Each structure stands twice: as structure tokens, then as C-alpha cells.
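For reference, the chains in residue letters:
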Amino acid sequence: MTGRPFPALQGRDLEFRDRRIPDDLPGERRVVVVAFRQSHQRVVDAWIAALEARDIPGLRCFELPTIGVRWNWARNSIDRGMATAIRDLAVRERTVTVYTRLAPVLRALGLRDRDRVYVAALAPDGTMLASAIGDPTPENVETMKAKGLKVLDAVL
């Protein structure tokens, strides 16, 4: 789904600040890791560790737990629970929960279901430069770095 805009979403980081995604995500080299299930956390953490290990100047990674709108009534409890469990301020700031209708998000990302993690490198204007689905295999990580984040060098 590269070359297309990342879907416009409303979220709140775990410091309880409202965020418009992708517009309110700071940084020029941004990667978003979109997860749809709590069981995806291991994959999210592995993606962020793999990308941060590449020592890419100015890289900012963001976790986007994306939850169906039917859970909006429990949002405060869910978010408070996550924020309490995460002691690291930087992780709370990079984690932006999104409560939304899932079908349009899945369509925009070219996904059939919520079974795997979606990762995208974003240009400053929110265009997806590279994307990957699933685990951070060496091939997926290299795609994000070479096809996504390196392209930014020409743009910036």
C-alpha cells in the first residue's frame, strides 16, 4: 500500500494527550506499528527493537493499538491499565490508542483481517513509503529501512 496516505485516525497517547494520526506524530523519520490484538505486543516490541537497533538518525517509532469502536465505553479503563503497566515515559508517549471502526482501517491498509501487525514508514506528509505485514523478519526490516526510511533522505 505504499505511495498512499496513511489513514487519518484520532487517538490518545498513554500520557492522555489527543493525537491526530499521522499529523500529530512528531519526527521526520516516522514508523507506525499497528496492532489489533493484545497478543500482538510481542511482535510490536520486536519491530521497534529491530528498527531502533539499525541506528537510523531521527527515527521515531509509534505503537498504534487499534481497537474496535465497540470498546469505546471502556477506553479510560483500558488506557489507564496500559499506562499503569508501562513504567517508561517514552513508551507511554509513543503508544497511541485508537478506538475506531476497524473495517475502513483494514481496507485502507490493504488487510483482510486483524490477525497480523502492520508497519509503515511515513513521509512527513503522511504518505506510506514502505510497509510490511507480520513479524520483523530480516527481509521485512530491510524493506522498511531501504525502501522506506532511506527514501526520506531524498525527500528531506
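What comes next is a walk through the structure. (Residues numbered from 1 in each chain as written. Predicted model: local features only at pLDDT ≥ 70, side-chain atom pairs only at ≥ 80, totals over all residues. Heavy atoms only, no water.)

## With respect to the overall build of the chain
The condition is simple: The helix and strand labels rest on DSSP assignments: H or I over at least four residues marks a helix, E over at least two residues marks a strand, and numbering proceeds from the N terminus. To get the radius of gyration, use the C-alpha atoms; to get the globule rule, take the number of residues to the power 0.38 and multiply by 2.2 Å. Between buried and exposed lies partly exposed: a residue is buried under 20% and exposed over 50% of the maximum accessible area for its type, with that area taken using a 1.4 Å probe on protein chains only.
Looking only at helices and strands, one finds five helices and seven strands in the chain. Listed by position from the N terminus, the elements making up the chain come as β-β-β-α-β-α-α-β-α-β-β-α. Computed over C-alpha atoms, the radius of gyration of the chain comes to 14 Å, within 12% of the 15 Å expected from 2.2 N^0.38 for 156 residues, which places it in the range of a compact globule. Residues classed as buried in the chain amount to 47% of the 156 residues present.

## What to know about helix α2 (residues 75-85)
Put simply, the rule is: Directions are taken from the helix axis to each C-beta atom, and the arc is the one they span. Note on contacts: a residue pair qualifies if any of its non-hydrogen atoms lie within 4.5 Å across the two residues.
Buried within α2 are the following residues: Arg75, Asp79 and Ala83. One face of α2 carries all of its buried residues, which in axial projection span an arc of 55°. In this structure, α2 carries Ser77, Thr84 and Ala85 as exposed residues pointing more than 90 degrees from its buried face. Residues of α2 that are buried make contact with β1 (9-13), α3 (89-94) and β5 (96-100).

## Brief notes about the nonpolar core
As a reminder of what qualifies: Only buried residues count toward a nonpolar core. Its members are Ala, Val, Leu, Ile, Met, Phe, Trp, Tyr and Cys residues joined through side-chain atoms within 4.5 Å.
Ranked by size, the top nonpolar core spans 20 residues in total, and within it Phe6, Ile21, Val32, Val34, Phe36 and Leu109 carry the most contacts. Broken down by secondary-structure element, the contributors of at least two residues to this core are β3 (29-35), β4 (59-68), β5, α4 (102-109) and β6 (118-122). Of the residues forming this core, the biggest block, four residues, is contributed by α4. Aside from chain neighbours lying at most four places away, what touches Val32 is Phe6, Leu25, Phe62, Leu64, Tyr118, Val119, Ala120 and Leu122. In terms of nonpolar packing, the next biggest core, distinct from the first, is built from 19 residues, Trp47, Val117, Ala130 and Ala132 among them.

## A word on the sheet that holds β5
Two modes of strand pairing occur in sheets, parallel and antiparallel, and in both the strands are linked by backbone hydrogen bonds. The test is simple: Note on pairing: DSSP must find at least two bridges between two strands before they are called paired. All axes here are fitted lines through C-alpha atoms, helices being fitted over the stretch that makes contact, and every angle between N-to-C directions spans 0 to 180 degrees.
What the seven strands build is an open sheet, ordered β2-β1-β5-β4-β3-β6-β7; its pairing is mixed. Strands at the two margins of the open sheet, each flanked by one partner only, are β2 (18-21) and β7 (128-133). The average angle at which neighbouring strand axes cross in this sheet is 30°, direction not considered. Contacts from α2 reach β1, β4 and β5, with the element oriented near 160° to β5.

## Things to note about the pairing of β3
Convention followed: By convention a crossover is right-handed if, when the strands point away from the viewer, the path from the first strand over the helix to the second runs clockwise.
The element β3 is extensively covered by neighbouring structure, given that seven of its seven residues are classed as buried. Side chains Arg29, Val31, Val33 and Ala35 project from β3 onto one buried face, and the interleaved Arg30, Val32 and Val34 project onto a second face that is buried too. Relative to β4, β3 runs parallel, the two being bridged by seven bridges. Across the sheet, the residue bridging to Arg30 is Arg60, located in β4. The parallel pair β3 and β4, bridged by helix α1 (residues 41-52), forms a crossover whose chirality is right-handed.

## Looking at the pattern of salt bridges
Convention followed: Criterion for a salt bridge: a side-chain nitrogen of Lys or Arg within 4 Å of a carboxyl oxygen of Asp or Glu.
All chains considered together, the criterion is met by 11 salt bridges. Linking Arg94 and Glu63 is a salt bridge whose minimum nitrogen-to-oxygen distance equals 3.3 Å. Separated by 31 residues along the polypeptide, Arg94 in helix α3 and Glu63 in strand β4 bring together distant segments of the chain. The pair Arg94 / Glu63 is uniform in exposure class, with both members buried. Of the charged contacts, one joins Asp79 and Arg75 as a salt bridge, the two residues approaching to 3.5 Å between their closest N and O atoms. Of the two residues, Asp79 and Arg75 both sit in helix α2, four residues apart, roughly one turn of that helix. Exposure class is identical for Asp79 and Arg75. Each is buried. Via salt bridges that share partners, Asp13, Arg17, Arg19 and Glu93 belong to a single interconnected network.

Just distances and angles here, no functional claims.
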